[in-house]
Amino acid sequence: MSDYKKVMLISPDDVKSTGNINYNVDDEVIGAAIRTAQNIYLTDVLSSELVEKLQQLVFNSIQGVDNNIEDAQNANYKTLLDDYIKEALSYKATAEICVRISLKIRNMGVVQNTDTNVNSVGLDDIKYLRDTFNGYWESSVNKMYDYLKKNKNAFPEFIGCNNINIKSKFGNTGLWLG
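Here the structure is a predicted model, which means the values were calculated and not measured. (Residues numbered from 1 in each chain as written. Predicted model: local features only at pLDDT ≥ 70, side-chain atom pairs only at ≥ 80, totals over all residues. Heavy atoms only, no water.)

### Focus on the overall build of the chain
Part 1: A count of helical and extended segments in the chain gives five helices and two strands.
Part 2: In sequence order, the secondary structure elements of the chain are arranged as α-α-α-α-β-β-α.
Part 3: Taking all contacts inside the chain whose residues are at least 6 apart in sequence as the whole, residues at least 24 apart take part in 65%.
Part 4: Of the accessible surface of the chain, which amounts to about 10,600 Å², a share of 48% is contributed by carbon and sulfur atoms. (Helix = DSSP H or I, 4+ residues; strand = E, 2+ residues; numbered from the N terminus. Contact = heavy atoms within 4.5 Å. Areas by Shrake-Rupley, 256 points an atom, 1.4 Å probe, with all protein chains shown as cover.)

Listed below in structure tokens is the structure:
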């Protein structure tokens, strides 16, 4: 695997700075959730080509070489990353963390840690919180798609931009059917 493919587009501190995750949550847990959100969900909505282009630009910036995310010719990529992807990935990583941090896989099976000074919530509450953050993710993805539609010529890696009739992939109606 190329080194640039290991680049996370946001950091655990970016996720913590949203105020949704406590600062004492282990960065490794958040990092695993970011990698899942980025490598599975973000790649699904943006295409692997566009995600890899962003990773390459960020990697080049870290290495201090030309053609990086800070260069003027890459201003649209930087806007996409800073104004849309960071927010969306933070929400999706938070949704991933809800279950990941609540339930642990141990030698004795799947367990839920408890403490005498902490009240654990039930799985239904955890799923509700996860679903809330997934709704925020979906809204962020729709905003991202609007930006991509308006700037379709700036992102040749995004295959969907060649189709002038890009539709939002996600619906977020707020309609409760339960």
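Once you've had a look at it, read on.
### Quick look at helix 5 (residues 123-150)
Part 1: End to end, helix 5 covers 41 Å across 28 residues, agreeing with the expected 40 Å (1.5 Å per residue, within 8%).
Part 2: For helix 5, the secondary structure elements touched by its buried residues are helix 2 (27-46), helix 3 (48-63) and helix 4 (75-102). (Expected span 1.5 Å × (residues − 1).)

### Some details on the packing of aromatic side chains
Part 1: If you walk through the whole model with that rule in mind, you get six aromatic pairs.
Part 2: Relative to Phe155, the ring of Tyr77 lies with its centre 5.1 Å away and its plane at 85 degrees, an arrangement referred to as edge-to-face. Placement of Tyr77 in helix 4 and of Phe155 in the segment after helix 5 is noted, with a sequence separation of 78 residues between them.
Part 3: When the ring of Tyr145 is compared with that of Phe158, the centres are 6.0 Å apart and the planes differ by 35 degrees; the resulting orientation is tilted. In this pair, Tyr145 is assigned in helix 5 and Phe158 in the segment after helix 5, connecting sequence segments 13 residues apart. (Phe/Tyr/Trp six-rings, centres within 6.5 Å; stacked < 30°, edge-to-face > 60°.)

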